[in-house]
Amino acid sequence: MQTRLFTRNFVLLLLGQVLSLIGNYTLKFSLSMYVLEQTGSAAIFGSILAAAVVPTVVLSPLGGVLADRLNRRNMMVALDASSGVAVLLAFLLLRADNALPLIAALQVLLGVLGAFESPTVQACVPQMHGGTNLLRANALVNQVQALAALVTPFAGSMLYTVWGIRPVLAVVCLCFFGTALLECFILLPTPEQKNQGGLLQILRKDLQQSVHFLWVEQPSVLRLLGLAALANFLASGCTTVGLPYLVRSVLELSARWYGAAESVLGVAAILASVLVGLLGERWSVSGLYRLLAGVGLSLLPVAAAFLAGIPPVFCYAVLVAAMALQQLLCGIFSVMGLCLIQQRTPAALTGKVMAFVMSLSLCAQPLGQLLYGFAFDVMAPWIVLLGTGAVMTGAAVASRKFFALLAQL
């Protein structure tokens, strides 16, 4: 295994991720603003987000099977090119009378494509790097994601505010096609797999193999995924539904304020990746529960701020500070957890297991987005935030013994 981190393949992968994530995040931000402005409803907004996640959850295991059997470079090229075509069609067909159903359909289609691409990209990293470089490589991929999250909300808010949704679609389309072009130059061998019959038989056996690995050989990984699913259920509701709704509809601040909030969260995510890259090997696995406890406790000041009814600008500051801390802690936990799973997974199962990782960690997200969408519509914000913080903190404390045992394995 090569000891040099910035190999040709890894640099091309990072550059492709930069363009792809810029396109994805810009599209997500702009469509969020458009839907909220058109409807003013957190429930409708959350429903569209949830509909986009469902295909990713359901189809990710199939994407993992293909990632372990097909050439991963070719898969990434085809999927990013298909995403570009989907956005191009939305650009050409978008009208005022079909905007909401077209946006929902686009989100669902991109969710389908993402179900196949995400496990493929995650499987490429351990194929390119191993040993001590694996943690550093994952941290760099995370930094790229965080950098895109930092830049795109501000740029997207400017682009959307000045020109509207159609120019955003054009820019995103170019990003996806540019990503596919970069990925054409990545050189990766096709994983070696024995043929085991027809397509359905291969799919069934591969999925059974993955389930056996997680359920029998590495049950600690499955428990870690269950805990991550709970955290994702709570965090996704507060961040993806709560943050834009609270900023735009409750505090009645402009899209630029929301863009600034997303940029602050991007800085926090970058800092998380930097800390993992510098200090990750010194971080105790047994202490990971403290990160989740911090996520829950960070919501309590926000609940107090909304309950007290302080001026919107000050309430916004408390909200953004708490969400940034949450992003920092979740980012560290995510990279550390991913590396723990990759290190315990055989190379032949990487794609399938990474697909299960994504599927199980995301399975609660649509429900969380739907539930939080309705909760924010019918309940006071401080009640939702206080309840979320209490549940998250309690779950973290209850997982203390689990992480102590995991550290000994």
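As shown above, the structure is provided for reference.
The rules behind these values
Residues numbered from 1 in each chain as written. Predicted model: local features only at pLDDT ≥ 70, side-chain atom pairs only at ≥ 80, totals over all residues. Heavy atoms only, no water. Helix = DSSP H or I, 4+ residues; strand = E, 2+ residues; numbered from the N terminus. Contact = heavy atoms within 4.5 Å. Areas by Shrake-Rupley, 256 points an atom, 1.4 Å probe, with all protein chains shown as cover. Axes fitted to C-alpha atoms, helices over the stretch in contact; angles between N-to-C directions. Parallel < 35°, antiparallel > 145°, perpendicular 65-115°, else oblique. Left-handed = near helix turned anticlockwise from the far one by under 90°. Nonpolar A, V, L, I, M, F, W, Y, C, P; charged D, E, K, R; others polar. Core = buried A, V, L, I, M, F, W, Y, C linked by side-chain atoms within 4.5 Å. Buried < 20%, exposed > 50% of the residue type's maximum accessible area, 1.4 Å probe, protein only. Phe/Tyr/Trp six-rings, centres within 6.5 Å; stacked < 30°, edge-to-face > 60°. Arc of directions from axis to C-beta. Patch = residues over 30% accessible without salt bridge, like charges linked within 9 Å, V, L, I, M, F, W, Y side chains within 5 Å. Salt bridge = Lys/Arg side-chain N within 4 Å of Asp/Glu carboxyl O.

Attention now goes to the overall build of the protein. Assigned secondary structure in the protein consists of 15 helices and zero strands. Within the protein, residue pairs in contact and separated by at least 24 positions form 89% of the contacts whose partners lie at least 6 positions apart. Summed over all atoms, the accessible surface of the protein reaches about 17200 Å², with 69% contributed by carbon and sulfur.

All right, on to the side chain of Asp80 then. Of note, Asp80 is situated in helix α3 (residues 72–93). Discounting residues that sit within four places of it in the chain, Asp80 has contacts with Ser20, Glu117, Phe176, Thr179, Ala180 and Glu183.

Time to look at the packing of helix α8 (residues 219–250) against helix α11 (residues 312–343). α11 packs onto α8 with a crossing angle of 155° between their chain directions and a minimal axis gap of 11 Å. The pairing of α8 with α11 is recorded here as roughly antiparallel in orientation. Where α8 crosses over α11, the two elements pack in a sense that is left-handed. Where α8 approaches α11, its residues Val221, Leu224, Leu225, Ala235, Cys238, Thr239, Leu243, Leu246 and Val247 are matched on the opposing element by Tyr316, Leu319, Met323, Gln326, Phe333, Gly337 and Ile341. The residue makeup of the contact of α8 with α11, split by class, is 13 nonpolar, three polar and no charged.

Turning next to the nonpolar core. By size, the foremost hydrophobic cluster in this structure holds 99 residues, and its most contacted members are Leu27, Val87, Leu106, Leu288, Leu292, Leu385 and Phe403. When residues of this core are assigned to their parent elements, the largest contribution, 17 residues, is made by α11. Core analysis: the second largest hydrophobic core is formed by 19 residues, Leu5, Val121, Leu140 and Val144 among them.

On to the packing of aromatic side chains. The tally for this structure, following the rule as stated, stands at five aromatic pairs. The interplanar angle of 85° and the centroid separation of 6.1 Å between the aromatic rings of Phe333 and Phe403 together place this pair among those described as edge-to-face. Taken together, the positions of Phe333 in helix α11 and Phe403 in helix α15 (residues 400–408) put the pair 70 residues apart, joining distant regions of the chain. The exposure classification of Phe333 matches that of Phe403, with both residues buried. Among the aromatic residues, those joined into a cluster by ring pairs are Tyr245, Tyr372 and Phe376.

A separate point is unusual backbone geometry. Most of the time, phi is negative for any residue but glycine, and the peptide bond is trans. Backbone geometry at Glu252 places phi at a positive 60°, although glycine is not the residue there. Using a relative accessible area of 66% as the deciding quantity, one classes Glu252 as exposed.

With respect to the element layout, Thr345 can be found in the loop between α11 and α12 (350–362). Placed 219 residues apart in sequence, Thr345 and Pro126 show a C-alpha to C-alpha distance of 10.0 Å. Setting aside anything within four residues of it in sequence, one finds Thr345 in contact with Phe213, Thr350 and Val353.

Along the chain, Pro61 falls in helix α2 (residues 42–67). Exposure remark for Pro61: the relative accessible area of 13% places this residue in the buried category. With 58 residues separating them in the primary sequence, Pro61 and Pro119 have C-alpha atoms 8.6 Å apart. With near-sequence residues (within four places) excluded, Pro61 lies in contact with Leu207, Ala355, Phe356 and Ser359.

Here α15 has its buried residues at Phe402, Phe403 and Leu406. Buried residues of α15, viewed axially, fall in a sector of 95°; they line one side. When the buried face of α15 is taken as reference, the exposed residues oriented beyond 90 degrees from it are Arg400, Lys401, Leu405 and Gln408.

A few words on a nonpolar patch on the surface. Together, Val85, Leu88, Leu89, Leu92, Leu93 and Phe177 make up an exposed nonpolar region whose accessible area comes to about 510 Å². Of all the elements, α3 adds the most residues to the nonpolar patch, at five residues. Assignment of secondary structure puts Leu89 in helix α3.

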